Amino acid sequence: DAGVIQSPRHEVTEMGQEVTLRCKPISGHDYLFWYRQTMMRGLELLIYFNNNVPIDDSGMPEDRFSAKMPNASFSTLKIQPSEPRDSAVYFCASSEQGAGTDTQYFGPGTRLTVL
Amino acid sequence: DAKTTQPPSMDCAEGRAANLPCNHSTISGNEYVYWYRQIHSQGPQYIIHGLKNNETNEMASLIITEDRKSSTLILPHATLRDTAVYYCIVRVRAGANSKLTFGKGITLSVRP
């Protein structure tokens with residue numbers, strides 16, 4: 001298995017631009033998580049989905065952030081408009097329920113820089 | 001979820017055992033202890049978890065005290081590749097995929 005795939009790996013954009021981060025979870029996993037990591041705030045959960053349905057989006061910082069999961073193999077995290085304080089590494093993770101384990105498998109992350 | 005307390009950093013010599021402590025004095029009866037680690041510039045990686053019995057897998061051992069208020073992650077023969085931030089997390093498993101709340105973790109430096 002290729003593991004969780006994220007794209008792009010690096011994104012540099014200017015303030016005010018729209019940014020879209022993409023994630024392909026591990027096949028067969030029914031949970032998908034979006035995290036953000038900064039030096040100041042550490043690793044924070046933004047939102048997670050179960051069977052493509054958002055379950056908890058309480059970590060989404062504000063309305064500029066939105067996440068979708070149109071099918072079991074794809075999710076996006078969109079920031080519109082982007083701001084310099086959004087600069088961070090964004091991780092996607094997936095897991096499978098009911099297999100005797102709920103281990104979350106993380107992708108390599110997308111490093112976002114907003115100028 | 002209960003909170004955990006870890007020292008900010010520790011080091012150990014390559015080939016020796018690394019014992020990483022974690023305090024979770026307010027842990028509830030249905031909460032598990034999980035350990036993840038994050039090697040520089042990579043996503044976090046699951047290591048091990050347990051409820052009250054000691055656990056061992058190919059990566060590490062987890063020792064949980066009888067009162068469950070603290071635990072120790074043991075890397076039996078640390079290598080340079082084990083240098084990472086190690087996160088101790090307590091959480092329920094009801095619903096299987098409740099949140100993982102990451103604290104600051106402990107930075108382990110393995111020296112040659």
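It should be noted that the structure appears before, not after, this text.
Residues numbered from 1 in each chain as written. Chains lettered and ligands numbered in written order. Predicted model: local features only at pLDDT ≥ 70, side-chain atom pairs only at ≥ 80, totals over all residues. Heavy atoms only, no water.

*Asks:* Go over the layout of surface pockets, please, and point to the residues and values.
*Replies:* Space left empty within the atom packing is revealed by a probe, the size of a water molecule, rolled over the atoms. In this structure, the largest pocket spans a volume of roughly 740 Å³. Lining the largest pocket are 28 residues; nearest its centre among them are Q37(A), T38(A), M39(A), Q38(B) and Y87(B). Secondary structure elements with two or more residues in the lining of the largest pocket: β4 (31-38), β5 (42-50) and β9 (88-95) of chain A together with β8 (84-92) and β9 (106-111) of chain B. No other element matches the three residues that β8(B) contributes to the lining of the largest pocket. (1 Å grid on protein atoms, 1.4 Å probe; cavity = no way out; pocket = protein on both sides within 12 Å on 5 of 7 lines; lining within 4 Å. Points joined across faces, edges and corners; volume = space filled by probe spheres on them. Helix = DSSP H or I, 4+ residues; strand = E, 2+ residues; numbered from the N terminus.)

*Asks:* An account of the state of the cysteines is needed here, citing residue identities and associated values.
*Replies:* Inspection of the entire model under this criterion finds two disulfides over all chains. What pairs with C23(A) in a disulfide is C92(A), and their sulfur atoms sit 1.9 Å apart. Its torsion about the S-S bond being -70°, the disulfide of C23(A) and C92(A) is classed as left-handed. Of this pair, C23(A) sits in strand β3 (residues 19-24) while C92(A) sits in strand β9, and the two are 69 residues apart along the sequence. Overall, C23(A) belongs to the buried group, its relative accessible area being 1%. C22(B) shares a disulfide with C88(B); S-S distance 2.1 Å. Torsion about the S-S bond of the C22(B) and C88(B) cystine: about -85°, corresponding to left-handed handedness. Taken together, the residues span a long stretch of sequence, with C22(B) in strand β2 (residues 18-23) and C88(B) in strand β8 at a distance of 66 residues. A residue is classified by how much of its surface remains accessible, and C22(B), at 1% relative accessible area, is buried. Free of any disulfide, C12(B) has its nearest cysteine sulfur in C22(B), 18 Å distant. (Disulfide = S-S within 2.5 Å. Buried < 20%, exposed > 50% of the residue type's maximum accessible area, 1.4 Å probe, protein only.)

Don't take any of this as a statement about function, it's just geometry.
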